[in-house]
Amino acid sequence: MSKFYPLTVGKVKQETRDTIVVTFEVPDDLKETFHYQQGQHLTLRADINGEDLRRSYSICSAVQDQQLRVAIKRTPGGVFSTWANDTLKPGQSLQVMPPMGHFNLPLSPTNEKHYLGFAAGSGITPMLSIIKTTLLTEPHSRFTLVYGNRASSSVIFKEELTDLKDIYLERLNIVYVMSREQQDVELFNGRITAEKCEQFFRSWIPLNDVDAAFLCGPEEMIQAVSGALQHHGMDKGNIKVELFAASIPKHKSNAQRPVVGAQECEVTVVIDGNHTVFTMVKEKESLLDAGLRHGIDMRYSCKGGVCATCRCKVVQGKVDMDANYALEDYEIARGFVLSCQSFPVTDNLLIDFDQDN
Ligand SMILES: Cc1cc2nc3c(=O)[nH]c(=O)nc-3n(C[C@H](O)[C@H](O)[C@H](O)COP(=O)(O)OP(=O)(O)OC[C@H]3O[C@@H](n4cnc5c(N)ncnc54)[C@H](O)[C@@H]3O)c2cc1C
Ligand code: FES
């Protein structure tokens, strides 16, 4: 489950000045392993200047395409994205973890739904996969996308979106919001804020016929849009969120929080059916860091509570979880936690990486 597979880069397309689209070749014997759902992401791994780095990138193709394609936008000062944009070439091999993530909803050809998407910048990648898959799978459903960018030159997948719009004239509606390029309609200028959403929902996109919303972009945009949607009566359970990065609060040390019971915890980790036991100091490090230090191949990517690659189920015992930008309420209720953000509370813990439900 935590395994990486070497995949060959088949194509690298310069999508915009600062974004490449990378297509991987998947050999026949790995097709099932790399079968993906709309909105899922891959974890890529590379050794960059002697450092073992992992980063998540969302798949941008429709489920019907089964073409493993990701878009990597150069983050100023960002190690992995700069390396990928500068060096990735066809023929190169990269370590890739099979698709993960729950940024989607079940689809059915009989559905007649109206979905709403808000994306900003590279947040369009999982959204493109969701839009294409939805319109192909549900012939009676519609999709409205609000897509925020600085200017037309930085719009990722502009051509593909235009082509999609041509195919699905009646069922796809795209609104471009530009922060540094003047457009005729004043509402379409600036950033996607709560105030802008209020205006959208009042005039352009009445929410009474919207069944569910997908949000992907920076933290402020997601908070603003999610708040506005809920303010207009949308149930939180119908708002699906994918965050690419967040400002992570530091773990509160035991200086502020007294340790309950013993200072140490005996942890049993189940991965691929194997049980490994180790002991860790409760407040010193996360479960993930402790497990890695004991040589267990625990899967992870962001280490910041964002990507959910390190998701596992607490079967016995209790943990204290710091940041969580990835798990939904129902997953937490079922006992799922992010091991990179979890610290033992009880003296014994059993965590299972093999359980998905
Ligand atoms: C589920 C998920 C899906 C994602 N999908 C995509 C996707 O489809 N496309 C995409 O492009 N990204 C995606 N991301 C984000 C991606 O995983 C990386 O976080 C992103 O590419 C940045 O990685 P990096 O190594 O380049 O930056 P890092 O080196 O990790 O830097 C992160 C931040 O720190 C800042 N920083 C780092 N070094 C410096 C410095 N020296 N000075 C100032 N600031 C600095 C950077 O500006 C950046 O904001 C996704 C993330 C998640 C969790
Ligand atoms: S490694 Fe990304 S949430 Fe834990």
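Each remark here, short or long, concerns the structure printed above.
Residues numbered from 1 in each chain as written. Chains lettered and ligands numbered in written order. Predicted model: local features only at pLDDT ≥ 70, side-chain atom pairs only at ≥ 80, totals over all residues. Heavy atoms only, no water.

### Brief notes about the pairing of strand 12 (residues 264-271)
Most of strand 12 is tucked away: 6 of the 8 residues are buried. Two strands pair when backbone bridges link them, and strand 12 and strand 13 (residues 274-281) are joined in this way by 8 bridges, in the antiparallel orientation. Residue C265 lies in a different strand from strand 13, and its bridge partner there is M280. Pairing analysis gives 5 bridges linking strand 12 to strand 18 (residues 348-352), with the strands arranged parallel. The partner of V269 across the bridge, within strand 18, is I351. (Buried < 20%, exposed > 50% of the residue type's maximum accessible area, 1.4 Å probe, protein only. Helix = DSSP H or I, 4+ residues; strand = E, 2+ residues; numbered from the N terminus. Pairing = 2+ DSSP bridges.)

### Some details on the site of ligand 1
Neighbouring residues of ligand 1: 22 residues in total, closest R55, S56, Y57, P76 and S81. Between ligand 1 and R55, the relevant distance is 2.7 Å, taken from an oxygen atom to a side-chain nitrogen or oxygen of the residue. Between ligand 1 and P76, the relevant distance is 2.6 Å, taken from an oxygen atom to a main-chain nitrogen or oxygen of the residue. For ligand 1, the accessible surface in isolation is 970 Å², of which the surrounding protein chains cover 66%. Among the elements of the structure, strand 4 (51-58), strand 5 (69-73), helix 1 (79-87) and strand 11 (239-243) are those that each provide at least two residues to the shell around ligand 1. Sorting elements by how many residues they give to the shell around ligand 1 places strand 4 first, with 4 residues. When grouped by side-chain class, the residues that make up the shell around ligand 1 number 10 nonpolar, 9 polar and 3 charged. (Near = heavy atom within 4 Å. Polar contact = N/O pair within 3.5 Å; in protein donor to acceptor, adjacent residues only side chain to side chain. Areas by Shrake-Rupley, 256 points an atom, 1.4 Å probe, with all protein chains shown as cover. Nonpolar A, V, L, I, M, F, W, Y, C, P; charged D, E, K, R; others polar.)

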